[in-house]
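What the coordinates show
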Amino acid sequence: MNWDLQECCTREEMASIQLKRLQSTIARVYEKVPYYREKMEAQGVKPKDIMSLSDLRKLPFTEKTDLRDTYPFGLFAASQEEIIRLHASSGTTGKPIVVGYTENDIEIWREMIVRTMYAADISAKDTIQIAYGYGLFTGGMGIHYGAEKVKARVIPISGGNTRKQIELMEDFGTTVLACTPSYALHLGEEIKRHPGLRSRLQLKTAILGAEPWTEQMRHQIENLLEIDAYDIYGLSEIIGPGVAYECENKNGLHINEDHFIPEIIDPETLDPLGAGEYGELVFTTITKEGIPIIRYRTRDLTALNYEPCECGRSLVRMSKCEGRSDDMLIIRGVNLFPSQIEAALLDLNLTSSHYELHVSREGTLDKIRAVVEMKEETAGGTELLQRKIRSHIEHCIGLSLDLELAAPNQLERFTGKSKRVFDNRRN
Ligand code: DLL
């Protein structure tokens, strides 16, 4: 097994690494980024006030709007000459947010992916097909650099063109697939459609992330593709993929906390929450030069576990992130995460896991319509079947809904991040 010393140091050693790096990051942004300096001054904090890790709480939060308001380069802490790469992530509205990397940032990012690869036992013996999008999205190129560093053979195919994906998977002997879970599911369904094809493939592992996916979805993908599926988490604002990754125990994702300090807060009150408490994940980057980010509110919901892991790594683990606070729908006062529908469907095992949720408002009443795609075996099901599925979902989510059953392959498939919720109340 191959790992960095920082992945298994003691909590005290980690705290000492983090404090030193935090202090130098705060000094850097205070000096180089007027936007941060003004926010810190408004809060009455100076770099010298950061004397312990808990002093982090004195600092203001950063949100996506801060990146938008300073578009394109307002939060950069390095000169244009030092920046060697730009990525961007488009939101649903307005300008994208832009992130810049110095040479050192790219090197750190590469190391984060190397850790991810080793944790999933990927090395020079492997051929990795990268079906995350290449381009401004961080998925493709981010994973690419780390995969090359472990000396795997890289197929930079990018997302989409499913026929070609499967053809190359067979011809080039792909052993590792890297893509979103929803695309892995789609590839699995396509492969299954061709009898005998799976036995000609050498696929054994997948590195899946970029969107929430449930434990049930992992089992479905693992069974369908006959592989071992690992979760990888990250976001452009922090560095891209590789902020956290799973080891063979698949019991939480190890956060690369020697580079990114995590906190959990209550998204309503913004108060800090303790280990094991579920809330919003907040990150402070402590080694990034191009665009260091202080207390970034990710909107992702998870909990932190500081217990050492059986794998030997002591890096804190975040529980599998199955939803975002801004994914949460409030239907007639009841909180609903789309992942609850996914889990209910996979639990029942009568339908595929493809669904759409359409939310509307009639007068003052919220209405929810779920369109669920059937499996070949259950297609054309009876009214009884429909009632059974509806009552199971209603039982799981605690809300009544209208259910529509769609024929197999009717719903849209995604090559990148999936879109399953259509909230028409805002229109
Ligand atoms: O999705 C980076 C990435 C690429 C991660 C490839 C993993 C693999 P963004 O486009 O900025 O970056 O989207 C970040 O996606 O805040 C989460 O809400 C969600 N997300 C990413 N990974 C996971 C995951 C990339 N493993 C946003 N589980 C994040 C759940 C995830 N959600």
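Residues numbered from 1 in each chain as written. Predicted model: local features only at pLDDT ≥ 70, side-chain atom pairs only at ≥ 80, totals over all residues. Heavy atoms only, no water.

**Let's talk about the domain arrangement of the chain**
Once the domains are mapped, the chain shows domain 1 (1–326) and domain 2 (329–426). Each of domain 1 and domain 2 has a C-alpha centre, and the two are 29 Å apart. Surface buried jointly by domain 1 and domain 2 totals about 1,500 Å² across both partners, of which 52% is contributed by carbon and sulfur atoms. Counting every contact that joins domain 1 to domain 2 gives one salt bridge. Among the ionic pairs, Glu189 bridges to Arg413, the shortest N-O distance being 3.1 Å. Our count for the contact surface shared by domain 1 and domain 2 stands at 10 residue pairs in polar contact (both at pLDDT 80 or more). Only α7 (181–192) and α9 (215–225) provide two or more residues apiece to the side of domain 1 that touches domain 2. Among the residues forming the side of domain 1 that touches domain 2, the class breakdown is eight nonpolar, nine polar and five charged. (Domains from an automatic or database assignment. Buried area = accessible area lost by both parts, 1.4 Å probe. Salt bridge = Lys/Arg side-chain N within 4 Å of Asp/Glu carboxyl O. Polar contact = N/O pair within 3.5 Å; in protein donor to acceptor, adjacent residues only side chain to side chain. Helix = DSSP H or I, 4+ residues; strand = E, 2+ residues; numbered from the N terminus. Nonpolar A, V, L, I, M, F, W, Y, C, P; charged D, E, K, R; others polar.)

**Points about the site of the ligand**
Around the ligand, the structure places 20 residues, and the nearest of them are Asp231, Ile232, Ser236, Asp300 and Lys417. Asp231 is positioned with one of its side-chain polar atoms (N or O) 2.7 Å from a nitrogen atom of the ligand. Expressed as a share of its isolated accessible area of 600 Å², the protein-covered part of the ligand is 93%. If you list the elements that add at least two residues to the shell around the ligand, you get α5 (138–149) and β7 (228–235). Examining the composition of the shell around the ligand, we find that five residues originate from one element, β7, more than from any other. Considering only residue class, the shell around the ligand consists of nine nonpolar, five polar and six charged. (Near = heavy atom within 4 Å. Areas by Shrake-Rupley, 256 points an atom, 1.4 Å probe, with all protein chains shown as cover.)

**Examining the packing of aromatic side chains**
According to the stated counting rule, one finds three aromatic pairs in the structure shown. With a centroid separation of 5.1 Å and an interplanar angle of 45 degrees, the aromatic rings of Phe73 and Phe76 are classed as tilted. For Phe73, a relative accessible area of 33% corresponds to the partly exposed category. Over the aromatic face of Tyr145 sits the side chain of Arg85, whose NZ or CZ is 4.8 Å from the ring centroid. For Arg295, the ring lying beneath its charged end belongs to Phe61, and the centroid distance is 4.1 Å. (Phe/Tyr/Trp six-rings, centres within 6.5 Å; stacked < 30°, edge-to-face > 60°. Buried < 20%, exposed > 50% of the residue type's maximum accessible area, 1.4 Å probe, protein only. Lys NZ or Arg CZ within 6 Å of the ring centre and 35° of its normal.)

**Notes on the layout of surface pockets**
Considering only enclosed or pocket space, the second largest pocket measures out at about 530 Å³ in volume. Around the second largest pocket sit 18 residues that line it, and Glu189, Lys192, Leu224, Lys375 and Glu377 are the ones nearest its centre. For the lining of the second largest pocket, the secondary structure elements donating two or more residues are α7, α9 and β18 (365–374). For the lining of the second largest pocket, the per-class residue count stands at five nonpolar, five polar and eight charged. Counting contributing residues, the lining of the second largest pocket receives three or more from each of domain 1 (1–326) and domain 2 (329–426). (1 Å grid on protein atoms, 1.4 Å probe; cavity = no way out; pocket = protein on both sides within 12 Å on 5 of 7 lines; lining within 4 Å. Points joined across faces, edges and corners; volume = space filled by probe spheres on them.)

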